[in-house]
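Residues per chain are reported as follows:
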Amino acid sequence: LLLVRHGDTESNSRERYWGHTDVKLSAAGVRQAELLRHRLATEKMDAIYSSDLSRAVVTADTIAVGRGLGVVTCADLREISFGELEGLNFSEVDRLYPDIAKLWRERSLQLRYPGGESVEELNQRVRQFRSRLEEHRAGETILIVAHSASLRMLICQLLGLGAQHWWQFRLELASLSIVETYPQGGILLLLNDVCHLKYELRAK
């Protein structure tokens, strides 16, 4: 499994909570997706899945160019819904929703965003997506383009870790992680790699 987080967005994904809000890739995000395509050019792919939010779909479509593969969109791969917190930064959340900020700091599984989702609801819908992977044959390589929360939860499930560990993985924008899956469990081969984003800097 090739796990890719979408590229940067017009609405500053590094600083603000964007969950189900359909923000678009920025020009920098599109370029990041192109660099991912170059990085993965020698990897065979048998299927491509993406969150149905445009920042993930455009990233996936960019990587898929020239492969003759359609991108299968799946709402189960969406970022967690932040509800009333959508578009806020952490300082604003800390001031307006101190109870939520406290649960976040504690990494509590009781965290539920007002008007949005709980950690357990995220866990369950990622599990629904994971059942699709069981339809694929051994030896296939699958690209999955999604978001920080959904990918971190998927990694936990693939490695047999409880949902309480989902916050212990960091996935940067346009990062690549790789997991090999076996009947006995998953093996994490690569985590949060962004070396492809440095190629352009070296070229200059």
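Can you tell me about the sheet that holds strand β1 (residues 2-5), naming the residues and giving the values?
Overall, mixed pairing links the six strands, which are arranged β3-β2-β4-β1-β5-β6 in an open sheet. With one partner strand each, in any of the chains shown, β3 (71-74) and β6 (185-193) form the two edges of the open sheet. Shown here is a sheet whose adjacent strand axes are inclined to one another by a mean of 20°, direction ignored. The sheet contact formed by β1 and strand β5 (residues 176-182) spans three bridges and is antiparallel. Across the sheet, residue leucine 2 finds its bridge partner in β5, namely isoleucine 178.

Before we move on, can you summarise a nonpolar patch on the surface with the specific residues and values?
Together, Tyr182, Ile187 and Leu189 make up a nonpolar patch on the protein surface, roughly 280 Å² of accessible area in all. The residue leucine 189 is located in strand β6 in this model.

Any details on helix α6 (residues 148-159)? Residues and values, ideally.
Here α6 spans 17 Å end to end across twelve residues, near enough to the 16 Å set by a 1.5 Å rise per residue. Of all twelve residues making up α6, eleven are buried, and the element is well covered by its neighbours. All of the buried residues along α6 are Ser148, Ala149, Ser150, Leu151, Arg152, Met153, Leu154, Ile155, Cys156, Gln157 and Leu158. Contact partners of the buried residues in α6: β1, α5 (119-133), β4 (142-146), β5 and β6.

I'd like a description of unusual backbone geometry, backed by residues and values.
A positive phi angle, close to 55°, is found at arginine 107, a residue other than glycine. In this structure, arginine 107 sits in the loop between α4 (98-105) and α5. Arginine 107 gets classed as partly exposed once you look at its relative accessible area, which sits at 30%.

How would you explain the pairing of strand β2 (residues 47-51) if you had to name every residue and give the values?
Of all the five residues making up β2, five are buried; the element is thus mostly covered by neighbouring parts of the structure. The alternating pattern of β2 places Ala47, Tyr49 and Ser51 and Ile48 and Ser50 on opposite faces, both of which are buried. Sheet analysis places β2 next to β4, joined by four bridges and oriented parallel. Within the sheet, the bridge partner assigned to isoleucine 48 lies in β4 and is leucine 143. Pairing of β2 with β3 involves four bridges; the strand directions are parallel.

I'd love a proper account of the packing of aromatic side chains, names of residues and values included.
Aromatic ring pairs: the centre-centre distance and the angle between the two ring planes describe each pair. A complete count under the given rule lists four aromatic pairs for this structure. Each ring, one from tyrosine 17 and one from phenylalanine 82, has its centre 4.9 Å from the other, and the planes form 75°; the classification is edge-to-face. With tyrosine 17 in the loop between β1 and α1 (27-39) and phenylalanine 82 in the loop between β3 and α3 (90-96), the pair connects residues that are 65 residues apart, well separated along the chain. There is no split in this pair, since tyrosine 17 and phenylalanine 82 are both buried. Taken together, a centroid distance of 5.2 Å and an interplanar angle of 50° make the contact between phenylalanine 90 and tryptophan 104 tilted. Here the residue phenylalanine 90 occupies a position in helix α3, and tryptophan 104 occupies one in helix α4, the gap between them amounting to 14 residues. An aromatic cluster is built from Tyr17, Phe82 and Tyr113, whose rings are joined through pairwise contacts. One cation-aromatic arrangement involves arginine 107 over tryptophan 104; the distance from NZ or CZ to the ring centre is 4.4 Å.

Outline the packing of α1 against helix α2 (residues 54-64), supporting the account with residue identities and numerical values.
Contact pair α1 / α2: the axes reach a minimum separation of 8 Å and the direction vectors enclose 40°. Taken together, the axes of α1 and α2 lie oblique to each other. Considering only the axes of α1 and α2, their crossing is right-handed. Along the contact surface, α1 presents Ala33, Glu34, Leu36 and Arg37, while α2 presents Thr59, Thr62 and Ile63. Its residues assigned to classes, the contact of α1 with α2 comprises three nonpolar, two polar and two charged.

Cut-off values and rules
Residues numbered from 1 in each chain as written. Predicted model: local features only at pLDDT ≥ 70, side-chain atom pairs only at ≥ 80, totals over all residues. Heavy atoms only, no water. Pairing = 2+ DSSP bridges. Helix = DSSP H or I, 4+ residues; strand = E, 2+ residues; numbered from the N terminus. Axes fitted to C-alpha atoms, helices over the stretch in contact; angles between N-to-C directions. Patch = residues over 30% accessible without salt bridge, like charges linked within 9 Å, V, L, I, M, F, W, Y side chains within 5 Å. Areas by Shrake-Rupley, 256 points an atom, 1.4 Å probe, with all protein chains shown as cover. Salt bridge = Lys/Arg side-chain N within 4 Å of Asp/Glu carboxyl O. Expected span 1.5 Å × (residues − 1). Buried < 20%, exposed > 50% of the residue type's maximum accessible area, 1.4 Å probe, protein only. Contact = heavy atoms within 4.5 Å. Phe/Tyr/Trp six-rings, centres within 6.5 Å; stacked < 30°, edge-to-face > 60°. Lys NZ or Arg CZ within 6 Å of the ring centre and 35° of its normal. Parallel < 35°, antiparallel > 145°, perpendicular 65-115°, else oblique. Left-handed = near helix turned anticlockwise from the far one by under 90°. Nonpolar A, V, L, I, M, F, W, Y, C, P; charged D, E, K, R; others polar.

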